[in-house]
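# Results of the structural survey
Here is how the chains run, residue by residue.
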Amino acid sequence: MDENDPELQRKLREAERNAVPDYPDVKKGAGCGIAGAVAGALLAWGILSAFRKVTAGERLSVIIGMALIAGLIAGGVAAFRPRS
């Protein structure tokens, strides 16, 4: 068969469209997870700044916990979200 055959090219494009995607997308998930962790830490820091009676240790643990949770959620959603 000729590589320039339009019928062959059409079938190859169709097969590529119907191929099983590579999940999870680790690179995309890691990038979004880091961004989510930073956003979660900043959000927790902003919320905790309103409370004066919270000790430094408690404040740090809440910020780290919020960053971890936000990073895991954002990274997981991004890694398993299909490409459009």
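That block above? That's the structure.
Here's what I pulled together on the structure shown here. (Residues numbered from 1 in each chain as written. Predicted model: local features only at pLDDT ≥ 70, side-chain atom pairs only at ≥ 80, totals over all residues. Heavy atoms only, no water.)

### So, the environment of Asn 4
Mapping Asn 4 onto the fold places it in the segment before helix H1 (6-17). Under the relative-accessibility criterion, Asn 4 is labelled exposed at 65%. As a C-alpha pair, Asn 4 and Ala 30 span 26 residues in sequence and 39 Å in three-dimensional space. (Helix = DSSP H or I, 4+ residues; strand = E, 2+ residues; numbered from the N terminus. Buried < 20%, exposed > 50% of the residue type's maximum accessible area, 1.4 Å probe, protein only.)

### Comments concerning the environment of Ala 41
Residue placement: Ala 41 occurs in helix H2 (residues 26-48). The spatial distance from the C-alpha of Ala 41 to the C-alpha of Lys 27 is 21 Å, given a sequence separation of 14 residues. In this view, Ala 41 contacts Ile 63 and Ala 67; residues no more than four positions away in its chain are not counted. (Contact = heavy atoms within 4.5 Å.)

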